[in-house]
Amino acid sequence: MVSLLRNQKARNVLLQVLYVGSLAALVLAGVMIARRNLAEQGITSGFDFLYKSTGWDVNFSLLPATANDPYWWFFLIGIINTLFLGSVGLILATVVGTIVGLARTSSNELARLLGRTYVDIFRNIPLILQVFFWYAIITHLPTPRAAHEAWGMLLTSRGLYVPAPNVGGVAMALAILTVIAAVVLPVWLGRTSRLSQPIGKRLAIQLAGMAAALACAVLVLLVARLPDAPLLDFPALQGLNLKGGLRIPPEFSALAIAIAIYGGSYIAEIVRGGFKAIGKGQVEAALSMGLSPWRVFTLVKLPLALRAMLPILANQYVWLIKATTMGIAVGFTDFFMVVALTINHSGQTLEAIGILMAGFLTINLSLAAVFNRINKAIALKGNQLRG
Amino acid sequence: MISGNATESGGPAVRIENLDKYYGSFHALRKVNLSVERGERIVICGPSGSGKSTMIRCINRLEQHNGGRITVLGTELNDDVGNIDEIRREVGMVFQHFNLFPHMTVLENCMIAPMIVRKRPRTEAEATARRYLEKVRIPEQAMKFPGQLSGGQQQRVAIARALCMQPQIMLFDEPTSALDPEMIAEVLDVMVTLASEGMTMICVTHEMGFARRVADRVIFMDGGEIVEEAPPEEFFTSCRNERTRQFLSQVLGH
Amino acid sequence: MEMVIVAPPAPGRLEDLRRRFFATPLQALLSLASLAIMVFLAWNLLNWAIFSAVFTTSGGPEACQAAAGACWSVIAARWRIILFGLYPFEEQWRSALACVTVVVMTVLSCIPAFWTGRRIALVWGAGAVLYYVLMKGGVLGLTYVGEEAWGGLALTLFIFVTSCLIGFPLAICLALMRRSELPWISRTTGIIIDGVRSLPLISILFTFAIVLPFALPQWLAGDKLYRVILGSALFFSAYQAEIVRGGMQGVPNGQAEAAMALGMSYWQRISRILLPQAMRNALPATINQFVISFKETSLVVIVGFFEILASGNAAYGTGEWRFAYIEVYAFIAFIYFVFVFSLSRYGAFLERRMSVGER
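Since the structure is predicted, the reported quantities are computational estimates derived from the model, not experimental observations.

(A) Molecular detail of the interface of chain A and chain C. Chain A puts 54 residues into the contact, and the matching count from chain C is 55 residues. Counting the surface lost from both chain A and chain C, the interface buries some 4800 Å², and carbon and sulfur atoms represent 72% of this. When the buried area of chain A at its contact with chain C is split by residue, A:Y19, A:L110 and A:N124 rank highest and sum to 13% of it. Where chain A touches chain C, the interface holds zero salt bridges. Going through the elements one at a time, α2 (8-40), α4 (109-123), α5 (127-139), α8 (250-276), α10 (293-323), α11 (327-330), α12 (335-346) and α13 (349-378) of chain A are the ones with two or more residues in the side of chain A that touches chain C. Broken down by element, the residue count for the side of chain A that touches chain C peaks at 11 residues, all from α2(A). In terms of residue class, the side of chain A that touches chain C is made up of 35 nonpolar, 13 polar and six charged.

Structure (structure tokens):
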């Protein structure tokens with residue numbers, strides 16, 4: 001026995017078996033106890049509950065939802081809400097972050113100061129505090145009767161009312177897809193023909209592509225328009241309530257604003273870091289070739305900075321998606337809140353936690369996979385820029 | 001399996017029999033046999049990738065061998081953890097890149113192992129450390145950090161650090177390869193002194209002058225095998241093997 | 001990019017201004033726009049926060065609500081709730097002292113003289129014990145105050161400190177296991193670390209607060225506060241473990257080899273050679289992680305703790321101060337800002353100092 005313990009190989013095997021074994025035992029014991037405890041409360045384990053109707057409602061959904069719908073449908077709604085809030089938050093945060101980040105790298109001292117103040121303030125206040133703050137601000141807006149009005153939009157304590165096109169959901173989705181294509185396609189087209197064509201021609205191709213796609217989007221909307229209604233439906237006061245238009249609930253706007261502002265401060269730092277990582281030599285070389293500052297920026301600085309930023313940006317995006325779980329603090333029914341409500345109402349604790357983990361794992365892994373592909377596609381060959 | 005006393009006298013210092021070592025599918029050492037007597041000084045040379053470093057790293061188990069037997073001071077190196085500890089205590093090693101601990105002063109570098117491995121009291125460890133620093137001729141640098149020293153000085157500290165454990169065998173793994181030419185001499189001087197005091201030394205080095213002066217035997221390795229093994233005068237004047245001759249003409253230069 | 005201009009001898013102040021802010025029309029436009037934004041924001045903020053603000057409670061909420069600016073009276077009236085929560089009124093000096101303990105502890109651990117494993121552990125261990133005794137009482141003639149009465153800033157700090165205290169050693173263990181040569185240990189640990197990192201903190205807090213009691217025998221479940229601390233420590237350690245691992249990867253292999261050649265055992269190599277160097281490499285990222293987890297401590301409000309955010313909600317949410325929510329949030333934000341900003345500045349300073357020291 002003693003000699004066995006002194007044997008390196010025997011020791012290694014023993015250590016591994018002990019470690020993995022005790023972890024497995026711990027998890028197993030936890031699950032067993034939980035199942036027994038739950039069974040005592042009359043809850044049978046298994047995923048049958050997914051097909052039962054929930055009996056409760058969600059306050060925000062892109063898909064039709066009633067209290068009669070089954071659990072699985074609510075989980076789907078939760079995931080879509082999370083992804084929707086996440087992508088709105090990501091886009092806004094990226095826009096804010098890019099502007100602030102560019103200000104921070106600008107050659108103008110005042111702009112730099114402004115950017116730095118922004119980052120220093122909003123980065124150092126917890127996100128959830130910012131969510132609470134914006135939520136309080138929005139819910140303290142005037143009632144619908146005394147709503148602020150601006151460009152056809154109404155600001156009220158019950159949410160932001162914006163004009164909405166009078167079209168069905170499918171057509172709307174189609175139109176949105178076309179607009180996305182309008183942005184992505186020209187970039188894709190321009191990509192293949194980088195420098196081999198004069199800049200005017202490339203620009204013309206891109207603009208033409210964008211225009212065509214936008215036209216398609218408008219066409220879709222026009223064709224799908226509900227009969228006997230104007231294309232745009234403006235919100236208006238009717239009695240004590242607001243009718244018409246699209247209501248963006250305060251929970252959603254508070255979260256989106258907070259994520260945009262807080263995330264923007266982080267992305268600004270990433271943008272700044274990306275530009276800082278560009279070698280002085282590259283810029284000097286480009287300037288010495290007589291390129292204009294604008295073309296130095298688009299042809300040399302931006303591509304290099306993007307490559308430096310992307311891996312860190314990916315992490316930040318994953319973090320921001322996870323931050324949507326703060327929805328539960330103000331009552332936005334994101335994925336996590338659906339899980340929490342499920343546990344409250346149905347008692348299917350283990351299953352719901354399992355679904356939660358699987359959901360976030362899937363979201364994380366797929367985001368990571370997407371970014372890895374982009375990273376690989378744009379990575380510089382060799383490492384001539386290092387050191 | 002209870003190991004023998006590592007300090008017992010009699011028998012060779014190191015005995016290597018049919019040593020095999022693989023890195024994946026690469027056969028780094030092929031059935032190497034070598035025996036080193038106590039007090040003997042061996043110089044091993046050979047082109048890079050010939051397995052010479054791998055071989056001496058097997059002697060204190062920085063590399064695990066895949067076949068054959070290694071016996072150090074009468075104790076066999078195997079999976080027995082106690083044997084490994086025992087052998088490492090008795091075998092000092094000097095590395096190409098010094099590997100001094102950068103977060104400790106020179107003195108602490110020399111004291112740490114005797115204190116925590118040999119459990120010597122602090123005062124004794126410090127006295128020993130200062131004595132060996134004196135011996136490698138840098139007592140005045142004791143309170144500095146390794147980063148503040150030149151390469152040659154760092155390597156001498158590394159030698160002192162190894163000696164502070166009062167080992168019976170010293171391994172040198174290309175101790176002068178990372179040094180600027182003007183610093184090589186100061187390190188070799190220390191090594192010559194050490195040799196003259198009867199330390200068992202196994203040196204991987206390309207310093208042929210050093211080999212000629214102190215080595216009892218010079219060994220030439222190539223392709224994971226010992227190709228030539230002879231006393232220096234014979235090695236440098238009448239080597240039998242073609243590869244050895246080629247190598248010597250490259251090293252001894254034009 | 002800076003243009004190199006051959007400077008004429010001693011340019012006038014005006015000339016200097018012109019060159020810095022109005023070198024080209026575009027620059028001038030940018031400067032003016034930035035200046036306009038800054039002046040606008042600064043004036044409005046100052047006006048709201050100071051010039052038109054009400055600071056005293058004398059007029060009561062009504063006078064305060066009528067004022068054009070901020071109503072700081074709410075802070076004057078409710079600061080005890082925000083800082084100490086429901087802690088008994090006569091004993092709140094203890095809560096205050098406990099907060100000071102944490103601040104002193106943090107400041108001490110920023111001094112390089114305390115950067116040895118033993119000293120830092122001593123500072124944090126002693127600080128945590130002192131805090132616990134002060135808050136809980138029951139000994140040394142202090143009246144007993146149960147955890148359920150703790151709240152406000154004091155609770156926030158407690159959760160933060162204990163999470164780090166548990167999470168840090170755990171992070172080192174996880175990092176070591178992930179780097180282990182034994183495949184099953186490193187793989188399993190990798191799954192644990194990546195799994196925790198892929199989950200949002202809120203879901204972990206929720207699991208530990210509400211779900212874990214189901215999976216534990218009754219006698220093990222303990223107080224909700226300590227379960228949540230455990231969850232937040234686990235989350236902290238998963239992130240910190242990756243930072244520590246990064247620090248370890250920065251230590252050359254030769255260091256471990258040299259230690260092995262000197263006959264040191266595994267633990268001696270880890271504690272004397274690898275960790276001191278790895279922690280030094282990981283220091284800036286570690287401070288950053290502390291900053292992040294301090295901010296994330298605020299999330300425990302979601303699982304129903306009366307920490308500073310919840311007590312802030314309560315401070316304005318009840319009774320006559322209902323309108324003064326901005327002031328309360330500004331106050332809490334300011335407290336967070338002071339902690340987080342100073343810590344992150346300190347981190348940036350260290351990073352600069354270390355990068356200078358390297359060269």
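(B) Seen up close, the interface of chain A and chain B. Between chain A and chain B, the contact holds six residues from the first and 10 residues from the second. The contact between chain A and chain B buries some 670 Å² in all, and 42% of this surface belongs to carbon and sulfur atoms. At the junction of chain A with chain B, the criterion picks out one salt bridge. The salt bridge involving A:K9 is made with B:D79; its shortest N-O contact spans 3.1 Å. In this assembly, chain A and chain B are joined by three residue pairs in polar contact (both at pLDDT 80 or more). Secondary structure elements with two or more residues in the side of chain A that touches chain B: α1 (2-6) and α2 of chain A. The element contributing the most residues to the side of chain A that touches chain B is α2(A), with three residues.

(C) Structural detail: the pairing of strand β4 (residues 67-72) of chain B. Residue and element names in this part refer to chain B. With five bridges joining them, strand β1 (residues 14-23) and β4 adopt antiparallel strand pairing. By the bridge assignment for β4, I16 is matched with I70. Both β4 and strand β5 (residues 75-76) contribute to a ladder of two bridges, which runs antiparallel. Across the sheet, V72 pairs through a bridge with T75, a residue of β5.

(D) Geometry of the pairing of strand β10 (residues 225-230) of chain B. Residue and element names in this part refer to chain B. Bridging between strand β9 (residues 217-222) and β10 involves five bridges; their strand directions are antiparallel. By the bridge assignment, I219 is partnered in β10 with E229. Between the end of β9 and the start of β10, which pair antiparallel, lie two residues, with G223 showing a positive phi angle near 60°.

(E) Expanded view of the packing of aromatic side chains. For the structure on display, the rule yields 32 aromatic pairs over all chains. For the pair A:F133 and A:W134, a centre-to-centre distance of 5.2 Å together with 80° between the ring planes defines the contact as edge-to-face. Of note, C:K224 hangs over the ring of C:F305, and the distance from its end group to the ring centre comes to 5.3 Å.

(F) Highlighting the sheet that holds strand β8 (residues 246-248) of chain A. All names here are of chain A. Taken together, four strands build an open sheet; the order of strands is β1-β2-β3-β8 and the sheet is antiparallel. A single partner strand is all that each edge strand has here, and the edge strands are β1 (148-150) and β8. Mean inter-strand twist for the sheet, computed between neighbouring axes without regard to direction, equals 20°.

(G) Structural context of the pattern of salt bridges. Residues and elements named next belong to chain B. Under the counting rule described, the total for this entry stands at 25 salt bridges over all chains. Note that E126 and R130 form a salt bridge whose closest N and O atoms lie 3.3 Å from each other. Residue E126 and its partner R130 are located together in helix α4 (residues 122-135), separated by four residues, close to a single helical turn. For E126, a relative accessible area of 27% gives the class partly exposed. R130 sits in the partly exposed class, given a relative accessible area of 37%.

(H) How the structure looks around the packing of helix α12 (residues 253-261) of chain C against helix α13 (residues 266-296) of chain C. Residues and elements named next belong to chain C. Running from N to C, α12 and α13 cross one another at 160°; their axes reach a closest spacing of 10 Å. It follows that α12 is roughly antiparallel to α13 by the angle criterion. The handedness of the crossing between α12 and α13 is right-handed. Contacts between α12 and α13 pair Q255, A256, A259 and M260 from the former with R269, I273 and Q277 from the latter. Residue composition of the contact of α12 with α13, grouped by class: four nonpolar, two polar and one charged.

(I) Quick look at the environment of A:L361. Residue and element names in this part refer to chain A. Examined against the element boundaries, L361 turns out to sit in helix α13. A residue is classified by how much of its surface remains accessible, and L361, at 36% relative accessible area, is partly exposed. Note: C-alpha distance between L361 and A146 (215 residues apart in sequence) is 45 Å.

(J) Spatial organisation of unusual backbone geometry. For B:F98, which is not glycine, the phi dihedral falls at a positive 65°. Relative to the helices and strands, B:F98 is located in the loop between β6 (91-94) and α3 (106-116).

(K) Region of interest: a nonpolar patch on the surface. All names here are of chain C. On the surface, W43, L46, I50, F51 and F55 cluster together into a nonpolar patch covering about 540 Å² of accessible area. Mapped onto the secondary structure, W43 falls in helix α2 (residues 25-51). Take W43: its relative accessible area is 49%, and that puts it in the partly exposed class.

Quick notes on the rules
- Residues numbered from 1 in each chain as written.
- Chains lettered and ligands numbered in written order.
- Predicted model: local features only at pLDDT ≥ 70, side-chain atom pairs only at ≥ 80, totals over all residues.
- Heavy atoms only, no water.
- Contact = heavy atoms within 4.5 Å.
- Buried area = accessible area lost by both parts, 1.4 Å probe.
- Salt bridge = Lys/Arg side-chain N within 4 Å of Asp/Glu carboxyl O.
- Helix = DSSP H or I, 4+ residues; strand = E, 2+ residues; numbered from the N terminus.
- Nonpolar A, V, L, I, M, F, W, Y, C, P; charged D, E, K, R; others polar.
- Polar contact = N/O pair within 3.5 Å; in protein donor to acceptor, adjacent residues only side chain to side chain.
- Pairing = 2+ DSSP bridges.
- Phe/Tyr/Trp six-rings, centres within 6.5 Å; stacked < 30°, edge-to-face > 60°.
- Lys NZ or Arg CZ within 6 Å of the ring centre and 35° of its normal.
- Axes fitted to C-alpha atoms, helices over the stretch in contact; angles between N-to-C directions.
- Buried < 20%, exposed > 50% of the residue type's maximum accessible area, 1.4 Å probe, protein only.
- Parallel < 35°, antiparallel > 145°, perpendicular 65-115°, else oblique.
- Left-handed = near helix turned anticlockwise from the far one by under 90°.
- Patch = residues over 30% accessible without salt bridge, like charges linked within 9 Å, V, L, I, M, F, W, Y side chains within 5 Å.
- Areas by Shrake-Rupley, 256 points an atom, 1.4 Å probe, with all protein chains shown as cover.

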